[in-house]
Amino acid sequence: MFAVYSLKTRRYSKMKLSRAEYKEIVRWTEQLRPTRQCMKMLKDRFPTHSQSTLLSIFSLEYQKRTKRTISRHHAPDVIESHYQRYLSEAKTHPTAPVLLELANEVDLSPALMARIILDRFLQDLDGEMPSKTVLNSMLKEPSLIPDQNLSNHIYQCTINDCCYGPLVDCIKHAIGQEHEVLLRDKLKERNLSFLDENQLRTMGYDKTPDIILEVPVAVEGHIVHWIESKASFGDDHSHRTYLNEQFWSYWNRFGPGLVIYWYGFIGELDCQRDRGILLKDCFPTDIVTLCHPTQQERLPESQNRDKE
């Protein structure tokens, strides 16, 4: 299921979508659950789009749905109902994926259901609220759970959830790192001199893009001083959040830049080019290097600009 994120297959399908195409996918995902079968159904329905793009869109939409409904699943009476039902069904069918089926039935992420049930189980076991450290360690390594059946059921939920859980968090982190490495490799292939995020932090910058070019370039006629890598799909909500919390801050400090949404974006969002934010779904092929002082000389100037 998670192999759909592979870089090796990302260019086979369409990545940049019109808003109409995006909305059609979103409408179709509204009744889906975050399971292997649903992801296969999604790919079968939209065969011209990459699996990574479809999974990223679904994950973003499912997280929005979850935020709207999660509070009702945390009500004490609902938690107790879920827990007692799990105990009953697990006793009757110990080898069946009863916890996964329960999560799908009540439309809750399997990993989040697993967390709720494990938390309630540990309360019974220890007579008090478990610490987050203990809870997280058992979710990451279900073999630590003293009940073998529950351990199996927690594991089933974790590996079948494509939106939440420790496995998804680990995979997303690795994918983000993988794309940052890809970006650096592409820059080195073009012999472009740059500073990465780690280098900038050692220079005292606490909020930086992934890459600052020591010599600016032109991409499709637009000057680029910095590049940000996003291993996700750029929808309205996420792009607006990134603009407000990251991109405009980078623009104020370092000048115009480029954002790469590796899994695509809504084409209409690429509307800030004249203001200094360019969007792409891949590393640009038409880079033109400009003559400019080195970035080391420019950084203090831009830092001073922030203070004015």
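Since the model is a prediction, treat every value here as computed from it, not as a measurement. Along each chain, residue indices are assigned from 1 in the same order as the chain's sequence is written. Predicted model: local features are reported for residues with pLDDT of at least 70 only, side-chain atom pairs are reported and counted for 80 or more only, and whole-chain, interface and lining totals are derived from all residues. The basis for every side-chain value is the complete set of non-hydrogen atoms in the structure, without hydrogens or water.

## Describing the overall build of the protein
- Helix and strand definitions follow DSSP, with helices as H or I runs of at least four residues and strands as E runs of at least two, each counted in order from the N terminus. Broken down by element type, the protein carries 12 helices and 6 strands.
- Among the 308 residues that make up the protein, the fraction classed as buried is 50%.
- Contact between two residues is taken to exist if any of their heavy atoms lie within 4.5 Å; hydrogens are not considered. Sequence separation of at least 24 residues holds for 68% of the intrachain contacts in the protein that already meet a minimum separation of 6.
- Per-residue and other accessible areas follow the Shrake-Rupley method at a 1.4 Å probe size, with only the shown protein chains counted as cover for residues. Element-wise, carbon and sulfur atoms account for 51% of the exposed surface of the protein, whose accessible area totals about 15,400 Å². Only protein chains enter the accessibility calculation, which uses a 1.4 Å probe; a residue whose area is less than 20% of its type maximum is buried, one above 50% is exposed, and one in between is partly exposed.

## A look at the packing of helix 6 (residues 110–126) against helix 7 (residues 132–140)
- Helix 7 packs onto helix 6 with a crossing angle of 125 degrees between their chain directions and a minimal axis gap of 10 Å. The orientation of helix 6 relative to helix 7 falls into the category oblique. Handedness of the helix 6/helix 7 crossing: right-handed. For the pair helix 6 and helix 7, the contacting residues are Ala-114, Arg-115, Leu-118, Asp-119 and Leu-122 in the first and Val-134, Leu-135, Asn-136, Met-138 and Leu-139 in the second.
- The class makeup of the residues in the contact of helix 6 with helix 7 is 7 nonpolar, 1 polar and 2 charged. Note on definitions: angles span 0 to 180 degrees between N-to-C directions of axes, and those axes are lines fitted to C-alpha atoms, for helices only across the stretch in contact. Any angle that falls under 35 degrees is termed roughly parallel, while one over 145 is termed roughly antiparallel, one within 65 to 115 roughly perpendicular, and all others oblique. Note: crossing handedness is left-handed where the near helix turns anticlockwise from the far helix by less than a right angle, and right-handed where it turns clockwise. Polarity classes work like this: nonpolar for Ala, Val, Leu, Ile, Met, Phe, Trp, Tyr, Cys and Pro, charged for Asp, Glu, Lys and Arg, and polar for all others, with Gly in that last group.

## What about the pattern of salt bridges?
- The working definition used for a salt bridge is a side-chain nitrogen of Lys or Arg within 4 Å of a carboxyl oxygen of Asp or Glu. The final tally for this structure, using the stated rule, is 16 salt bridges.
- For Glu-61, the salt bridge is made with Lys-64, and the minimal N-O distance between the two is 2.9 Å. Taken together, the residues span about one helical turn, with Glu-61 and Lys-64 both in helix 3 (residues 51–73) at a distance of 3 residues.
- The buried category is assigned to Glu-61, whose relative accessible area is 15%.
- Given the relative accessible area of 23%, Lys-64 is considered partly exposed.
- With a shortest N-O distance of 2.8 Å, Arg-120 and Glu-80 are connected by a salt bridge.

## Here's the deal with the packing of helix 2 (residues 36–45) against helix 3
- Interaxial distance between helix 2 and helix 3 falls to 10 Å at its minimum, and their mutual angle equals 120 degrees. The orientation of helix 2 relative to helix 3 falls into the category oblique. The handedness of the crossing between helix 2 and helix 3 comes out as right-handed. In this structure, helix 2 uses Met-39, Leu-42 and Lys-43 to contact helix 3, whose residues at the interface are Gln-51, Leu-54, Leu-55 and Phe-58.

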